[in-house]
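Read off the chains here:
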Amino acid sequence: MASLDSHVLMKLVSLFLSSLFVTIVSSESQCQNFESIISFGDSIADTGNLLSLSDRYNLPMSAFPPYGETFFHHPTGRFSDGRLIIDIIAEFLGLPYVPPYFGSINGNFEKGVNFAVASATALESSFLEERGYHCPHNISLGIQLKIFKESLPNLCGLPSDCREMIGNALILMGEIGANDYNFPFFELRPLDEVKELVPLVISTISSAITDLIGMGGRTFLVPGGFPLGCSVAFLTLYQTSNMEEYDPLTGCLKWLNKFGEYHSEQLKEELNRLRQLNPHVNIIYADYYNASLRLGQEPTKYGFINRHLSACCGVGGPYNFNFSRSCGSVGVESCNDPSKYVAWDGLHMTEAAHKSMADGLLNGPYAIPPLNWSCLSSKIKKKEVIRNTIFFDE
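What counts and what doesn't
Residues numbered from 1 in each chain as written. Predicted model: local features only at pLDDT ≥ 70, side-chain atom pairs only at ≥ 80, totals over all residues. Heavy atoms only, no water. Phe/Tyr/Trp six-rings, centres within 6.5 Å; stacked < 30°, edge-to-face > 60°. Buried < 20%, exposed > 50% of the residue type's maximum accessible area, 1.4 Å probe, protein only. Helix = DSSP H or I, 4+ residues; strand = E, 2+ residues; numbered from the N terminus. Lys NZ or Arg CZ within 6 Å of the ring centre and 35° of its normal. Patch = residues over 30% accessible without salt bridge, like charges linked within 9 Å, V, L, I, M, F, W, Y side chains within 5 Å. Areas by Shrake-Rupley, 256 points an atom, 1.4 Å probe, with all protein chains shown as cover. Salt bridge = Lys/Arg side-chain N within 4 Å of Asp/Glu carboxyl O. Lys, Arg positive; Asp, Glu negative; His and termini not counted. Charge placed at Lys NZ, Arg CZ, Asp CG, Glu CD. Pairing = 2+ DSSP bridges.

For this particular structure, what's the right way to read the packing of aromatic side chains?
The description of an aromatic ring pair uses the distance of the two centres, along with the angle that the planes make with each other. The tally for this structure, following the rule as stated, stands at 21 aromatic pairs. Centre to centre, the rings of Tyr101 and Phe102 are 5.5 Å apart; their planes meet at 80°, and the pair counts as edge-to-face. The class of Phe102 is buried, set by a relative accessible area of 11%. Relative to Trp255, the ring of Tyr238 lies with its centre 5.1 Å away and its plane at 80°, an arrangement referred to as edge-to-face. Of this pair, Tyr238 sits in the loop between helix H10 (232-237) and helix H11 (254-277) while Trp255 is found in helix H11, placing the two residues 17 residues apart along the sequence. By relative accessible area, Tyr238 is classed as buried at 17%. Here the aromatic residues Tyr181, Phe185, Phe186, Phe234, Tyr238, Trp255, Phe259, Phe321 and Phe323 are joined through ring pairs into a cluster of three or more. In this arrangement the basic side chain of Lys195 is found over the ring face of Tyr262, its NZ or CZ atom lying 4.6 Å from the centre.

Structure representation (structure tokens):
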């Protein structure tokens with residue numbers, strides 16, 4: 001009788017564990033485990049590409065101290081004092097920092113590859129130059145995508161393997177498009193003229209996503225624009241005595257922020273259209289606008305000083321910024337504690353601001369629709385259950 005009970009017990013345990021295995025496999029099929037990050041964009045995501053592309057006589061400011069001082073303790077080509085949003089996301093996913101493609105001879109791109117280049121535009125240089133906008137060092141989104149396609153045999157080998165790699169990657173589409181507007185705004189072009197570029201920029205981003213979907217892409221994180229009216233550089237350039245131009249809460253220029261909202265709204269509408277056309281693809285809008293704006297609305301809540309519109313690294317003027325003496329130049333020093341500042345060099349953010357924004361995407365309301373990040377850690381636990389499961393024979 002005891003023998004029979006033992007036999008029945010083993011059968012029941014085996015049946016239970018088999019059911020558990022099926023449940024685990026089924027639930028995993030609804031939950032993506034990212035094996036790498038593929039990145040396109042500009043300086044917000046550039047982890048060293050512009051530095052690698054520059055000759056030693058024309059190095060970007062990110063090649064010099066105090067860039068990189070907070071985390072890496074030396075310049076890495078990142079336009080910040082430390083890590084960027086892409087770095088924080090990589091850490092969260094348990095992946096290594098995404099290496100820049102350019103200059104990485106025989107680099108290990110198994111866990112990610114970054115094509116983002118500082119100063120990059122969405123639109124081609126030739127188009128912008130025809131309109132009179134000068135775009136230095138421009139490796140546009142189209143060129144980045146072209147180089148990515150050309151590099152696939154070295155990155156992943158066979159077409160089937162490449163499709164699998166792209167399908168298992170989190171594809172970060174920017175931020176891209178800001179420089180298409182920055183260059184004409186820096187030349188004091190009329191708002192209506194710059195606004196004409198918005199649908200062209202959105203269409204270019206959409207075409208790139210569609211192209212990557214055709215190559216097997218399944219999950220895209222697509223950032224919107226920033227509140228340009230809170231940019232230290234633009235606050236300096238468009239400084240005015242007319243206080244009606246400024247938001248009384250943040251001190252940002254209202255008209256430039258409205259332009260940033262317009263770009264973001266147009267992008268969201270286009271992403272909704274792409275979702276309808278590609279229901280099998282996860283297209284997540286990263287709300288950089290509001291994730292950044294909240295840091296100016298309630299700076300002390302997020303650990304920043306009240307003077308959030310002052311650059312940590314710079315010199316002169318009400319915003320500690322001067323176009324002719326920028327961060328990285330001789331004699332220009334950084335603040336004592338960059339973690340208390342949102343703005344790093346007048347054009348880019350501190351690591352602390354990048355980290356706060358990344359947290360808003362990963363754990364807060366600024367990823368739309370929210371990605372089920374929690375399933376990534378649960379998958380690890382489930383795999384441990386399978387690995388430790390013992391199936392009984394009769």
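Mind showing me how you'd approach a negative patch on the surface here?
On the surface, a cluster of negative charge is made up of Glu35, Glu110, Asp161 and Glu164. Here Glu164 shows up in helix H6 (residues 159-167).

Mind showing me how you'd approach the pairing of strand E5 (residues 282-286) here?
Looking along a regular strand, one sees side chains alternate from face to face of the sheet. Of all five residues that make up E5, four are buried, and the element is covered over most of its length. Both strand E4 (residues 219-223) and E5 contribute to a ladder of five bridges, which runs parallel. Counterpart to Leu221 in the pairing with E5 is Ile284. Across two bridges, the pairing between E5 and strand E6 (residues 367-368) is antiparallel. Bridge pairing in E6 links Ala286 to Ala367.

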